[in-house]
Amino acid sequence: MAADRAAAGEDVDVKTPPLPPLPPLEDGEGRGDAEAAAAPCPAEDGGKLTCSVMFLCLYGFMSSIRPGESFITPNLLSSEKNFTREQVTNEITPVLTYSYMAVLVPAFLLTDLLRYKPVLIIQGISHVVIWVLMLLGATLLHMQLMEFFYGITMACRVAYSSYIFSLVSPSLYQRVAGYSRSSVLLGVFVSSVLGQLCLSLGDISYHTLDTISLGFVSFGLALACCLPWPKRSLFFNRTKSREPAEKAAPSETDEMNPTRAGVSLMANWKESIFVQMLLEVWNMVKRPNLRLWSLWWIFNSTGYYLVLFYVHILWNKVQSTTNYNGAVEAAATLLSAITSFMAGFAKIRWNVWSELVIGGITALQAGMLLVMGTTGNIWICYSCYILFRGFYQFLVPIATFQIASSLTKELCALVFGINTFLGTVLKSIINLIFSDKRGLGLDVESQFRIYFIYFTLLTVVYLISAAVVLVRHFRNRGEEEEASPDRLHTELTPVSMTSEAEPLSNSQNVKT
């Protein structure tokens, strides 16, 4: 259960969690003015913007330091809290998924409507409530409330992911995205290491560790209150540099004919940007590449987060006396950062090899889950978990690139939001059936066998799809060769870079 906390700060900007960092619509972009969209910020605001970006990165770093997160499950199962493994597995942990599903859509809408800062303050307050409950709570209801508020913090992470893009011009998006992501990754790493050092070398109690975490999140809340207030956002607060000189007043005919005015209002509603984007998203379902990576995002992220939610309970059952959760989470964060970085240099014809790459990596993840669910060696279990997360994080930036490369920023937000919400619904259904006390209420080892079966089924589907795509590709290439026998084909013949063939690290002109 607590693994989701230790990974939360990293995944939101790497995977992402629940939504990837998406820049808001800049002045000029809505009018199709590329020069205006790419124009840098005024020189006189350079110093102020630099300070704002640095302050936001400081906030991202400090709000990610919660040394007690990696040890919440051992804390709940220890003599200090004295909950049973069945209570933690079947009654406490499932609340997190339900809370996240319930809060995700409102948080996404409020983030844009309220322009980020209030949602970050809500997230900070929720973090404080979590650790107050960990310090003072003693009943099952208290711990369920703790999980409920943690679901709120997960849903609110989208505010930080998109906040930084409201501060700078589009020409700086890539750079500031790297800054914000690095600050969160560094915070998660420092948090895990600090928690492990405190517990192993300092020989402190879980209560003291919770107190330290409360101090850090309280400071993070204070920083959130001091953040600058953005003037624009993606949907509801889009600034316009030009306004029509005159707005047509409603005609007398419209005033005397309310039916005609109602029809006009309905037509305006159907032509609204939000409705048009929803219709466009529906049309994009027909695009194979977008559909593939969206389905990967939904189904694989579901399994990934279920593993993160319950892996610490599994470790406690494999060997309750060994507690290196913080060190393992730090190693997993470091490997995830490395694999995410490596993905940026992957040069693969994604229109041909996507299904095979996904199927191969999913098969490796299934193997890791099988070992984790059957081994009695805690070190093997630790190692498999680190590799499991590293494999997933390798595909996250590729999926983000493949989905977002041909979409406008508004459509990116909707597509990623829909994918995240559907994945959360699927997690809730699986939780309700297999984990919840009201369902089958399986023990943690049985749940990991279910996750192994889940990833195995995904592997089979991906590999079958890969076989179909490859057979179709080579058959079409053979037909092309027969149609043009004079053309020389060698291994050194350059391949034209189509949309999916472009390397991930060069996405400027990529279209899915």
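Conventions we followed
- Residues numbered from 1 in each chain as written.
- Predicted model: local features only at pLDDT ≥ 70, side-chain atom pairs only at ≥ 80, totals over all residues.
- Heavy atoms only, no water.
- Helix = DSSP H or I, 4+ residues; strand = E, 2+ residues; numbered from the N terminus.
- Buried < 20%, exposed > 50% of the residue type's maximum accessible area, 1.4 Å probe, protein only.
- Contact = heavy atoms within 4.5 Å.
- Areas by Shrake-Rupley, 256 points an atom, 1.4 Å probe, with all protein chains shown as cover.
- Salt bridge = Lys/Arg side-chain N within 4 Å of Asp/Glu carboxyl O.
- Axes fitted to C-alpha atoms, helices over the stretch in contact; angles between N-to-C directions.
- Parallel < 35°, antiparallel > 145°, perpendicular 65-115°, else oblique.
- Nonpolar A, V, L, I, M, F, W, Y, C, P; charged D, E, K, R; others polar.
- Core = buried A, V, L, I, M, F, W, Y, C linked by side-chain atoms within 4.5 Å.
- Domains from an automatic or database assignment.
- Polar contact = N/O pair within 3.5 Å; in protein donor to acceptor, adjacent residues only side chain to side chain.
- Left-handed = near helix turned anticlockwise from the far one by under 90°.
- Phe/Tyr/Trp six-rings, centres within 6.5 Å; stacked < 30°, edge-to-face > 60°.

The next point concerns the overall build of the chain. Secondary structure summary: the chain contains 20 helices and zero strands in total. Each of the 512 residues in the chain was classed as buried or not, and the buried ones make up 52%. Considering only contacts in the chain between residues 6 or more positions apart, those separated by 24 or more positions represent 86%. Total accessible area on the chain is roughly 23,100 Å²; 65% of this is exposed by carbon and sulfur atoms.

Bringing the pattern of salt bridges into the picture now. Per the counting criterion, the structure on display carries six salt bridges. Here glutamate 69 makes a salt bridge to arginine 66, at a shortest N to O gap of 2.5 Å. Residues glutamate 69 and arginine 66 agree in their burial class; the two are buried. Lysine 317 is the partner of glutamate 445 in a salt bridge, and the nearest nitrogen-oxygen pair spans 4.0 Å. In this pair, glutamate 445 is assigned in helix α20 (residues 444-483) and lysine 317 in helix α15 (residues 288-318), connecting sequence segments 128 residues apart. Glutamate 445 sits in the partly exposed class, given a relative accessible area of 23%.

As a packed pair, helix α5 (residues 85-92) and helix α6 (residues 94-113) sit with axes 5 Å apart at the nearest point and diverge in direction by 20 degrees. Our classification of the angle between α5 and α6 gives roughly parallel. Only Pro94, Val95 and Leu96 of α6 make contact with α5, whose side of the interface consists of Val88, Thr89, Asn90, Glu91 and Ile92. Grouping the constituent residues of the contact of α5 with α6 by class yields five nonpolar, two polar and one charged.

As a rule of thumb, nonpolar side chains are buried together in soluble globular proteins. The biggest cluster of nonpolar side chains holds 108 residues, and the ones touching the most others in it are Trp293, Trp296, Met372, Leu395 and Phe448. The dominant element in this core, judged by the number of residues it contributes, is α15, at 17 residues. The residues that make up this core include at least three from each of domain 1 (51-232) and domain 2 (283-479). Counting five residues, the second-largest nonpolar core is a separate cluster that includes Cys198, Leu199, Tyr206 and Leu209.

Further remarks concern the environment of threonine 375. Mapped onto the elements, threonine 375 comes out in the loop between α17 (350-374) and α18 (378-404). C-alpha of threonine 375 to C-alpha of valine 318: the two residues are 57 residues apart in sequence and 7.9 Å apart in space. When residues no more than four places from it in sequence are discounted, the contact partners of threonine 375 are Val318, Ile380 and Cys381. Polar contacts involving the side chain of threonine 375 include one to the main-chain amide nitrogen of asparagine 377, which spans 3.1 Å.

Bringing the packing of helix α7 (residues 117-136) against helix α8 (residues 140-155) into the picture now. Put simply, α7 and α8 touch, their axes get as near as 9 Å, and they point 160 degrees apart. Classified by the interaxial angle, the pair formed by α7 and α8 is roughly antiparallel. Once α7 is placed against α8, the crossing between them reads as left-handed. Between α7 and α8, the contacting residues are Ile122, Gln123, Ser126, His127, Val129, Ile130, Leu133 and Met134 on the first element and His142, Met143, Leu145, Met146, Phe149, Tyr150, Ile152 and Thr153 on the second. Tallied by class, residues from the contact of α7 with α8 come to 11 nonpolar, five polar and no charged.

The geometry of two aromatic rings is summed up by the distance between their centres and the angle between their planes. Counted according to the given criterion, the structure contains 18 aromatic pairs. Ring geometry for tryptophan 296 against tryptophan 297: centres 6.3 Å apart, planes inclined by 80 degrees, an arrangement best described as edge-to-face. Just as tryptophan 296 is buried, tryptophan 297 falls in that class too. A ring pair is formed by tryptophan 296 and tyrosine 392, whose centres lie 5.3 Å apart and whose planes are at 20 degrees; its orientation type is stacked. You can see tryptophan 296 sitting in helix α15 and its partner tyrosine 392 sitting in helix α18, a full 96 residues away along the chain. Accessibility expressed as a relative area gives 1% for tryptophan 296, which makes it buried. A relative accessible area of 2% means that tyrosine 392 is categorised as buried. One aromatic cluster is present, built from ring pairs that chain together Trp293, Trp296, Trp297, Tyr304, Tyr305, Phe309, Phe388, Tyr392, Phe416, Tyr454 and Phe455.

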